[in-house]
Amino acid sequence: MPTQKHKILFLFLSFALIGTFLLNLSLGSVSIPTTEIFNSIIGNEIKTSWEIILWNFRLPKAFTAILVGMGLSISGLLMQTLFRNPLAGPYVLGLSSGSSLGVAFVIMGAGFLPSFLVSDYGIVLASSIGSFLVLMAVLVVSQKLRDTMAILIVGLMFGSFTSAIVSVLSYFSTAQELQKFTFWSMGSLANLPWNSILILAICCGLGLVLSIFSIKPLNALLLGENYAKSLGLNFKKTRLIIIFATSILAGSITAFAGPIAFVGLAVPHLAKLLFQTSNHFILFWSTLLIGAILMLVCDSIAQLPGSDYTLPINAITSMVGAPVVVWLLVRKRKIMI
């Protein structure tokens, strides 16, 4: 059960999420007062230009940031607990590399593909297929292996193999194709229409529901694989559910937003250091909140308020998050698994 300290922290994070959400909507090349944001949400009339910016650009981007932050953070928590490795992240199974391979085929092999595939939806489809194929390969291999660490190595090998193919495609591509692929690999929360956000929300919702069902088994896994089995845990089934949940979350997010770095690796550590617990009943919800807050903060910084420029979200997540985690680890002098 959460302690009084945990309840206060949850309350603080809830208010912080609301605050960063409103701040994200307010900041940008054009500043929109918070009162006007409230007026627009409840149906009152505001300046037409603000209305268009808010509903067509900033609200979709803010919701995308929340979904991405929550999904990647929970994926990282699942992987770090399953593999008992603090450096494991949502892309450790090679899903990001599979997505990159699919996108590379669409962008760098555009001359050999139908025109309808060489589009934003074609890139999303290719990314999803690439991630799905790697997932299927990992699942097939996981059924043959008893050792969980061996699955981690297999995921890394799949990632290396697909990255090698991407490198070959890059070698034979034009400068324009390379530039387009580079921009995709930097990640982006913008330009998603509401119907795409709905699909992403459904995928993330499914992955999070599977994760919730994994909370109790994850607590058992903290005691060790053999001890968990002695408690009656069906380890093979649990491992399959965790891998599938991670794949749905990380795969769908990569398909729509590109490979977002650092968040899935760092947020679980931030949650553990802040709440000082390894209980996944608490870590699950704290990781959700911190992940959403971190992505909103990073996106607000990336927008460069008052400027017409927008920085790559990948660069900001690493620049903002990495020093924070290093500082916290130096303060605590230990890391919780």
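Remember, it's a predicted structure, so these values are computed and weren't measured experimentally.

With that out of the way, let us pick up the overall build of the chain. Tallying secondary structure elements over the chain gives 14 helices and 0 strands in all. Its helices and strands taken in sequence order, the chain reads α-α-α-α-α-α-α-α-α-α-α-α-α-α from the N to the C terminus. Relative to the compact-globule value of 20 Å for 337 residues, the chain shows a C-alpha radius of gyration of 20 Å, a close match. With respect to the three principal axes, the spread of C-alpha positions in the chain is 65 × 60 × 35 Å. Across the 337 residues of the chain, 52% fall into the buried class. Pairs at least 24 residues apart make up 77% of the contacts formed inside the chain by residues separated by at least 6 positions. Of the accessible surface of the chain, which amounts to about 16,200 Å², a share of 71% is contributed by carbon and sulfur atoms.

Turning our eyes to something else, we now look at helix 13 (residues 280-302). Taking 1.5 Å of rise per residue, the 23 residues of helix 13 would be expected to cover 33 Å, and the 31 Å separating its terminal C-alpha atoms lies within 8% of that figure. A large share of helix 13 lies buried, amounting to 19 of its 23 residues. N-cap assignment for helix 13: the residue whose side-chain oxygen lies 3.0 Å from the backbone N of F281 is N279. Backbone geometry just downstream of helix 13 places L304 in the positive-phi region, at approximately 45 degrees.

Before going further, it helps to examine the nonpolar core. In this structure, V68, M79, F83, L93, L221, I243 and M295 are the most contacted members of the largest nonpolar core, which totals 85 residues. It is helix 3 (residues 48-83) that provides the largest number of residues to this core, a total of 17 residues. For V68, the residues in contact, after removing those within four places along its chain, are L189, I253, A257, I260 and M295.

The residues that UniProt annotates with the feature "transmembrane region" (unreviewed entry) are residues 62-79, 91-117, 123-142, 149-172, 192-213, 240-262, 282-302 and 309-330. Annotated as residues 123-142, this span is 100% helix and 0% strand, and its ends, taken at the C-alpha atoms, are 28 Å apart. Secondary structure over residues 149-172 splits into 96% helix and 0% strand, and the C-alpha atoms at its two ends are 36 Å apart.

The interhelical angle for the contact between helix 2 (residues 34-41) and helix 3, taken along N-to-C directions, is 75 degrees, at an axis separation of 11 Å. As summarised for this structure, helix 2 and helix 3 are arranged roughly perpendicular, according to the angle between their axes. Every residue of helix 3 that contacts helix 2 at E36, I37, S40 and I41 is listed here: W50, E51, L54 and W55. Its residues assigned to classes, the contact of helix 2 with helix 3 comprises 5 nonpolar, 1 polar and 2 charged.

Okay, helix 11 (residues 235-257) next. For helix 11, with 23 residues, the first-to-last C-alpha span of 32 Å sits near the 33 Å given by 1.5 Å per residue. Positive phi appears at G258, one or two residues downstream of helix 11, with a value of about 85 degrees.

Looking now at the packing of helix 1 (residues 4-26) against helix 3. Put simply, helix 1 and helix 3 touch, their axes get as near as 9 Å, and they point 145 degrees apart. Helix 3 is crossed by helix 1, and the crossing has right-handed handedness. Here helix 1 contributes F21, N24, L25 and S26 to the contact with helix 3, which in turn contributes L54, R58, L59, A62, F63 and I66. Residue composition of the contact of helix 1 with helix 3, by class: 7 nonpolar, 2 polar and 1 charged.

Moving on, we come to the packing of aromatic side chains. This structure, assessed with the given rule, holds 6 aromatic pairs. Summarising the aromatic geometry, the rings of F10 and F275 are spaced 4.9 Å apart at their centres and angled 45 degrees between planes, so their arrangement reads as tilted. On the criterion of sequence distance, the pair formed by F10 in helix 1 and F275 in helix 12 (residues 263-275) is long-range, its members being 265 residues apart. Judged by its relative accessible area of 17%, F10 is buried. Ring centres of F21 and F63 lie 5.6 Å apart, and the angle between their planes is 50 degrees; this geometry places the pair in the tilted category. Residue F21 is found in helix 1, and its partner F63 is found in helix 3; the two are separated by 42 residues along the sequence. Overall, the relative accessible area of 34% leaves F63 in the partly exposed class. Grouping aromatic residues by their ring pairs yields a cluster made of F21, F63 and W194. A cation over a ring is seen here: K47 above W50, with NZ or CZ 4.6 Å from the ring centre.

Right, let's get into the environment of P193. Note on placement: P193 falls in the loop between helix 7 (175-185) and helix 8 (194-213). Residue class for P193 comes out partly exposed when judged on its relative accessible area of 34%.

For the rest of this paragraph, the subject is the environment of L304. With respect to the helices and strands, the residue L304 is situated in the loop between helix 13 and helix 14 (313-332). A sequence separation of 254 residues divides L304 from W50, and the C-alpha atoms of the two residues are 18 Å apart. Apart from the residues lying within four places of it in its own chain, the contact partners of L304 are Y309 and L311.

Rules of the game
Residues numbered from 1 in each chain as written. Predicted model: local features only at pLDDT ≥ 70, side-chain atom pairs only at ≥ 80, totals over all residues. Heavy atoms only, no water. Helix = DSSP H or I, 4+ residues; strand = E, 2+ residues; numbered from the N terminus. Rg over C-alpha atoms; globule rule 2.2 N^0.38 Å. Buried < 20%, exposed > 50% of the residue type's maximum accessible area, 1.4 Å probe, protein only. Contact = heavy atoms within 4.5 Å. Areas by Shrake-Rupley, 256 points an atom, 1.4 Å probe, with all protein chains shown as cover. Expected span 1.5 Å × (residues − 1). Polar contact = N/O pair within 3.5 Å; in protein donor to acceptor, adjacent residues only side chain to side chain. Core = buried A, V, L, I, M, F, W, Y, C linked by side-chain atoms within 4.5 Å. UniProt positions renumbered as here; feature names shortened; annotations may be inferred. Axes fitted to C-alpha atoms, helices over the stretch in contact; angles between N-to-C directions. Parallel < 35°, antiparallel > 145°, perpendicular 65-115°, else oblique. Nonpolar A, V, L, I, M, F, W, Y, C, P; charged D, E, K, R; others polar. Left-handed = near helix turned anticlockwise from the far one by under 90°. Phe/Tyr/Trp six-rings, centres within 6.5 Å; stacked < 30°, edge-to-face > 60°. Lys NZ or Arg CZ within 6 Å of the ring centre and 35° of its normal.

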